[in-house]
Amino acid sequence: MHKFTQVSLFSMEFGDLYPNDTSDYKTLNFDQLEDNDMIYCVQDGERLGRYVMLPDSTAKYFTYSLDSVGNGILYGRSFVEK
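Residues numbered from 1 in each chain as written. Predicted model: local features only at pLDDT ≥ 70, side-chain atom pairs only at ≥ 80, totals over all residues. Heavy atoms only, no water.

**Q** Lay out the side chain of Ser8 in plain terms, naming residues and giving numbers.
**A** On the secondary structure map, Ser8 appears in strand 1 (residues 4-9). Residue classification places Ser8 among the buried residues on the basis of a relative accessible area of 10%. Setting aside its immediate chain neighbours within four residues, Ser8 contacts Glu13, Phe14, Met38, Ile39 and Tyr40. (Helix = DSSP H or I, 4+ residues; strand = E, 2+ residues; numbered from the N terminus. Buried < 20%, exposed > 50% of the residue type's maximum accessible area, 1.4 Å probe, protein only. Contact = heavy atoms within 4.5 Å.)

Here it is in structure tokens:
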């Protein structure tokens, strides 16, 4: 297992994440003209990024999970928490 460093989502910094880490919830203040709908991170010196779905405006808590990297592709999932 590896850590993800310099993690950012929707242009918001989340810092470094180690296996099984969770971050705090952050309030999304997305501006489509200034921000991007991507998650970025670095793993073992390789910069990775992936487009992610914007949460529905009615979702109070929306979670993104970084699962793995394979052949340079960042894999993850997202879900609404009730």
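That was the structure; now back to the text.
**Q** Tell me what's going on with the pairing of strand 6 (residues 73-81), and back it up with residues and numbers.
**A** As defined by bridge partners, strand 5 (residues 61-70) adjoins strand 6 across 9 bridges and the pair is classed as antiparallel. Within the sheet, the bridge partner assigned to Ser65 lies in strand 6 and is Arg77. Where strand 5 folds back on strand 6, the antiparallel hairpin that results is connected by 2 residues, among which Asn71 adopts a positive phi of roughly 55 degrees. (Pairing = 2+ DSSP bridges.)

**Q** Tell me what's going on with the sheet that holds strand 1, and back it up with residues and numbers.
**A** Pairing is antiparallel in the open sheet, where 4 strands are placed in the order 2-1-3-4. With one partner strand each, in any of the chains shown, strand 2 (12-17) and strand 4 (46-51) form the two edges of the open sheet. Sheet twist, expressed as the mean angle between neighbouring strand axes with direction ignored, is 15 degrees. Relative to strand 4, strand 3 (residues 38-43) runs antiparallel, the two being bridged by 6 bridges. Note on strand 4: the bridge partner recorded for Gln43 is Glu46. (Axes fitted to C-alpha atoms, helices over the stretch in contact; angles between N-to-C directions.)

**Q** I'd like a description of the environment of Val42, backed by residues and values.
**A** Mapped onto the secondary structure, Val42 falls in strand 3. Accessibility expressed as a relative area gives 12% for Val42, which makes it buried. For the pair formed by Val42 and Asn71, sequence separation is 29 residues and the distance between their alpha carbons is 14 Å. Ignoring anything within four residues of it in the chain, the contact list for Val42 reads Lys3, Phe4, Thr5, Gln6 and Arg47.

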